[in-house]
Amino acid sequence: ATTVSNSTTAACPRNMNGNAIITINPLPTITVNSPSACAGSPVQVVATPVVGTAPFTYSWSVPGGATNPGNTSSFTTTVPGTYTVRVTDGKSCAMSAPVSTTVVINELPTVTVNSLTLCANDDPATIEAVASKGSGNYSYTWIVPAEAVNPGDVASFTTKVAGNYTVRVTDNESCTSEPVTGSVTVNPVIGVTGRILIFDEMGNEIEDESKMEVGVKYTFKVESNMIDLAGADIASIMWWMGDGSAD
């Protein structure tokens, strides 16, 4: 006879003791600077991680007109406005909220300066710089002819030295204008020579005034180097009569 038997034994539960470590990674945090600059000069925007595990990934939002820098912690820009960044760290943890900063681009001040024309025997005249725009509280830097005394940090001063006078202004934000130049022209004093010619009604010149007669019409003519001088600008001629009147 053949005997068949089942030798399978049922499994019994068994208690096991051990430790499990659960790590909660902190969310990354960063700081972002708030730079400012003068128009035409770039500023650097920098995001600095404070909490989190490197390496960090950066995602930026930038204002219109600015180029998105992509995955970078810092970049330069000349465009004002709000820049926002989100960061993900090496543990794939992302910030709970983005961080924003404002870039300020200050306008440059502007300046005008007058030009002068005077005669060599005139009193000194005033050169004046007029500043505008920018943030105010201007300082002035002058370049003057070699023969002139530099006035320093002033808006106006007197001079009678011919040449070019160039000025820059700097405002309260340390922004500096483009240079502007005014000129001083000093015309020489020309020695004047002249005499008065007297003619009778027939056109004859009277050389001896004592021979002039009452009741006769005479013509007076001024003969002067100023009248014949090329480019001479004679505004008027004043006559004084024998009776003390003027015409």
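These figures come from a predicted structure and were not determined experimentally.

Chemist: Please give an account of a negative patch on the surface that cites residues and values.
Modeler: Taken together, the side chains of Glu205, Glu207, Asp208 and Glu209 make up a negatively charged region of the molecular surface. Examined against the element boundaries, Glu207 turns out to sit in the loop between β15 (194-199) and β16 (219-224). Given the relative accessible area of 73%, Glu207 is considered exposed.

Chemist: Quick rundown of the environment of Thr72? Include the residues and the values.
Modeler: Here Thr72 is to be found in the loop between β4 (57-61) and β5 (74-77). For the pair Thr72 and Ser59, spaced 13 residues apart in the sequence, the C-alpha separation amounts to 7.9 Å. If near-sequence neighbours (up to four positions away) are discounted, Thr72 is found in contact with Tyr58 and Trp60. Only 3.0 Å separates the side chain of Thr72 from the backbone oxygen of Ser74, close enough to count as a polar contact.

Chemist: Now, about the sheet that holds β4: what can you tell me, with residues and values included?
Modeler: The strand order β2-β7-β6-β4 describes an open sheet built from four strands, whose pairing is mixed. Edge strands, defined here as strands with exactly one partner in the open sheet, are β2 (36-38) and β4. Averaged over all pairs of adjacent strands, the angle between strand axes in this sheet comes to 25°, irrespective of strand direction. Examined bridge by bridge, β2 and strand β7 (residues 99-106) share three bridges and lie parallel to one another. Residue pairing across strands places Cys38 opposite Asn106, the latter belonging to β7.

Chemist: Break down the state of the cysteines for me, with residues and values.
Modeler: Under the criterion given, the structure shown has one disulfide. Note on cysteine connectivity: Cys38 is disulfide-linked to Cys175, with sulfurs 2.1 Å apart. Here the disulfide of Cys38 and Cys175 is left-handed, its torsion about the S-S bond being about -95°. Taken together, the residues span a long stretch of sequence, with Cys38 in strand β2 and Cys175 in the loop between β13 (163-170) and β14 (180-187) at a distance of 137 residues.

Procedures and definitions
- Residues numbered from 1 in each chain as written.
- Predicted model: local features only at pLDDT ≥ 70, side-chain atom pairs only at ≥ 80, totals over all residues.
- Heavy atoms only, no water.
- Patch = residues over 30% accessible without salt bridge, like charges linked within 9 Å, V, L, I, M, F, W, Y side chains within 5 Å.
- Areas by Shrake-Rupley, 256 points an atom, 1.4 Å probe, with all protein chains shown as cover.
- Salt bridge = Lys/Arg side-chain N within 4 Å of Asp/Glu carboxyl O.
- Lys, Arg positive; Asp, Glu negative; His and termini not counted.
- Charge placed at Lys NZ, Arg CZ, Asp CG, Glu CD.
- Helix = DSSP H or I, 4+ residues; strand = E, 2+ residues; numbered from the N terminus.
- Buried < 20%, exposed > 50% of the residue type's maximum accessible area, 1.4 Å probe, protein only.
- Contact = heavy atoms within 4.5 Å.
- Polar contact = N/O pair within 3.5 Å; in protein donor to acceptor, adjacent residues only side chain to side chain.
- Pairing = 2+ DSSP bridges.
- Axes fitted to C-alpha atoms, helices over the stretch in contact; angles between N-to-C directions.
- Disulfide = S-S within 2.5 Å.

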